[in-house]
Amino acid sequence: MPTEQRLAPSDAPDSPDTTGSGEERAVRRTGWAALRPLVLRLHFYAGVLIAPFLLVAAVTGLLYAGSFQAEKVVYAHELSVPVGKAERPLSQQVADARKAHPEGKLAAVRPAPRPGDTTRVLLSDVPGVSADHQLAVFVDPYTGNVRGALETYGSTGALPLRTWLDALHRDLHLGEAGRLYSELAASWLWVVAGGGVALWIGRQRRNRKLRALALPDPTATGRRRTLSWHGAVGLWAAVGLVFLSATGLTWSAYAGANIGELRESLGQATPTVSTAVAEHHAGHGGPSGMPGIPDMPDMPGRDDSKETRSSGSAPADVGIDKVLRTARAQGLTHPVEIGLPTGQGTAYVVKQVQRSWPEKQDALAVDPATGKVTDVSRFADHPVLAKLTRYGIDLHTGTLFGLANQIALAALALALIFLILWGYRMWWQRRPTRDRALSFGRPIPRGAWRQVPLPVLIPLVAAVGVVGRLVPLLGISLVAFLAVDIALGALRRRRRVPATTGD
């Protein structure tokens, strides 16, 4: 039996071993046993103190995973229509939407991607709608009837239900301050999962079949049984949990900014198309940023098959129908979003918005005066890290593989919830025999870092420093743990010193 297993059996109170020969202690300091108490203490602290944040993230993430399917049911009237014989010109659909909703500014249009889907006409600066949200007007592409209008958010076009759950998961509806909770949870999730895997591997030594299949021990009872389930489920879920942690950090407030800067320094930033057009076209594009589109409710639709010529102060614009045809000729298939020029000297931007496999993320800019393509960005040409980031985010949010992706996310969320509950139960089960009803579980003994040899400790501290710089909330909370640990140790030593009494 390996030395580590003799010195620290899995069902022992996990206290550092101070007995045994010098040879045994030397072996213990040079192998996994030297790191095990440190990993165990870190796993314990993170489990007790960070688990509440992880639990909230898991519960809200579970709700968000189901929001995609719920959205299809709740907003079925706005999202779908009976399939008709032929679709009306896109410019006429926009005119129908603006006739019903003249408020705000026309920002973009998402043509119906499939037969039976509605067209979304997106309006910005709408009174009562948040600045970072838009109002989506849903138009029947066959009849021009407006099916309704809903607030929408983000590149996936989240509607109110999913938007609310997304904000709940991201920041608990507390704004920027609330984002600290989710970033703290993501910062520690990979540490907790990785440490748990290391501890599980170190404990499995009796039943080779159970070890190979990572199954809970059916013969275990009490704390051993809880530990068996905690370890087995944690091992199965570990890769997924580490993935959720890594991808969640990519768009967090502080770690996400550092990751973005790192990608940019490596030349791996996501390319964007330039919206600037030639100088001699600077006068094109209306002041409202809505060239070529009938914006007033009493203005009829237009035929955009021919280029509109400048007449007086009216800007020349090829119109949204021709822009869409140009994009189709360049290979931009459904679904697409057509962003309108935002001012003078800017172009239409047509981009694919499919986040399911295979990804469609090509984009191009079209000169509103000539209808010519001025810039193109192909997803196939994106840097490797830009592609991986796109895949990772879409997999994290449940869009990459649709329903199967969302089921997998729900399973991971449930696994994390049970792991946290089992972890707290183990802590409860470790409480002392005396006064069990009034006490909590015993903490893992202090001083674990002293057992790590210097050749391992020094690079370990350096690595922690680098990771703490890249993931600030992990570094700050780790320093806070250390400060609390030192303070508690000093307090215990002070209590052990006998008081000096006078005559």
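What counts and how
- Residues numbered from 1 in each chain as written.
- Predicted model: local features only at pLDDT ≥ 70, side-chain atom pairs only at ≥ 80, totals over all residues.
- Heavy atoms only, no water.
- Patch = residues over 30% accessible without salt bridge, like charges linked within 9 Å, V, L, I, M, F, W, Y side chains within 5 Å.
- Areas by Shrake-Rupley, 256 points an atom, 1.4 Å probe, with all protein chains shown as cover.
- Salt bridge = Lys/Arg side-chain N within 4 Å of Asp/Glu carboxyl O.
- Lys, Arg positive; Asp, Glu negative; His and termini not counted.
- Charge placed at Lys NZ, Arg CZ, Asp CG, Glu CD.
- Helix = DSSP H or I, 4+ residues; strand = E, 2+ residues; numbered from the N terminus.
- Core = buried A, V, L, I, M, F, W, Y, C linked by side-chain atoms within 4.5 Å.
- Buried < 20%, exposed > 50% of the residue type's maximum accessible area, 1.4 Å probe, protein only.
- Expected span 1.5 Å × (residues − 1).
- Contact = heavy atoms within 4.5 Å.
- Pairing = 2+ DSSP bridges.
- Axes fitted to C-alpha atoms, helices over the stretch in contact; angles between N-to-C directions.
- Phe/Tyr/Trp six-rings, centres within 6.5 Å; stacked < 30°, edge-to-face > 60°.

Requested: an account of a positive patch on the surface, with residues and values cited.
Taken together, the side chains of Arg-450, Arg-492, Arg-493, Arg-495 and Arg-496 present a region of like positive charge at the surface. Mapping Arg-492 onto the fold places it in helix 17 (residues 472–496).

An account of the nonpolar core is needed here, citing residue identities and associated values.
Nonpolar side chains tend to gather and get buried jointly when the protein is soluble and globular. Counting residues in each nonpolar core, the largest one holds 35 residues, and the members touching the most others are Ile-50, Leu-54, Trp-188, Leu-189, Leu-241 and Leu-416. Contributions of two or more residues to this core are made by helix 3 (32–49), helix 4 (51–65), helix 9 (179–203), helix 11 (222–250), helix 15 (402–429) and helix 17. Core analysis: the next-biggest nonpolar cluster, separate from the first, contains 25 residues, Leu-90, Val-109, Val-323 and Val-350 among them.

Residue-level account of the pattern of salt bridges, with values.
Within this structure, the stated rule accounts for 10 salt bridges. Arg-114 serves as the salt-bridge partner of Asp-117, at 3.2 Å between the closest nitrogen and oxygen. On the accessibility criterion, Asp-117 (13% relative accessible area) is buried. Taking the relative accessible area as the measure of exposure, Arg-114 reaches 55% and is therefore exposed. Note that Asp-166 and Arg-170 form a salt bridge whose closest N and O atoms lie 2.7 Å from each other. Of this pair, Asp-166 and Arg-170 both sit in helix 8 (residues 160–171), 4 residues apart, roughly one helical turn. Among the residues examined, Arg-170 registers a relative accessible area of 21% and is labelled partly exposed. When salt bridges that share partners are traced, they join Asp-166, Arg-170 and Asp-171 into one network.

Go over helix 14 (residues 384–397) with me, naming the residues and quoting the values.
Helix length check: helix 14, at 14 residues, gives a terminal C-alpha distance of 20 Å against a target of 20 Å (1.5 Å per residue), a fit within 8%. Against helix 4, helix 5 (67–74), helix 11, helix 12 (255–265) and helix 15 lie the buried residues of helix 14.

For the sheet that holds strand 7 (residues 363–366), give the residues involved together with the corresponding values.
Across the sheet, which stays open at both edges, the 8 strands sit in the order 4-3-2-1-5-6-7-8 with antiparallel pairing between neighbours. Strands at the two margins of the open sheet, each flanked by one partner only, are strand 4 (146–152) and strand 8 (373–377). Taking each pair of neighbouring strands and ignoring which way they run, the sheet shows an average axis angle of 20°. Relative to strand 6 (residues 348–352), strand 5 (residues 336–339) runs antiparallel, the two sharing 4 bridges. In the strand pairing of strand 6, Val-336 is matched with Gln-352. Helix-sheet contacts for helix 7 (residues 90–100) involve strand 1 (105–110), strand 2 (119–124), strand 3 (134–139), strand 4 and strand 5, and the interaxial angle to strand 2 is about 55°.

Which residues make up the packing of aromatic side chains, and what values do they have?
Counted by the stated rule, this structure contains 11 aromatic pairs. Seen in terms of ring centroids, Phe-418 and Trp-422 are 5.7 Å apart; in terms of plane orientation they differ by 35°. Their pairing is tilted. Of this pair, Phe-418 and Trp-422 are both found in helix 15, 4 residues apart, which corresponds to roughly one turn of the helix. The partly exposed category is assigned to Phe-418, whose relative accessible area is 42%. On the numbers, 6.4 Å between centres and 45° between planes, the contact of Tyr-424 with Trp-427 is tilted. Residue Tyr-424 and its partner Trp-427 are both found in helix 15; the two are separated by 3 residues, about one turn of the helix. Accessibility expressed as a relative area gives 26% for Tyr-424, which makes it partly exposed. Here a set of aromatic residues connected by ring pairs shows up, and it is made of Phe-44, Tyr-45, Trp-188, Tyr-424, Trp-427 and Phe-481.

Any details on the environment of Phe-401? Residues and values, ideally.
Relative to the helices and strands, Phe-401 resides in the loop between helix 14 and helix 15. You can call Phe-401 partly exposed: its relative accessible area is 45%. With sequence-adjacent residues up to four places away left out, Phe-401 is seen in contact with Trp-357 and Leu-395.

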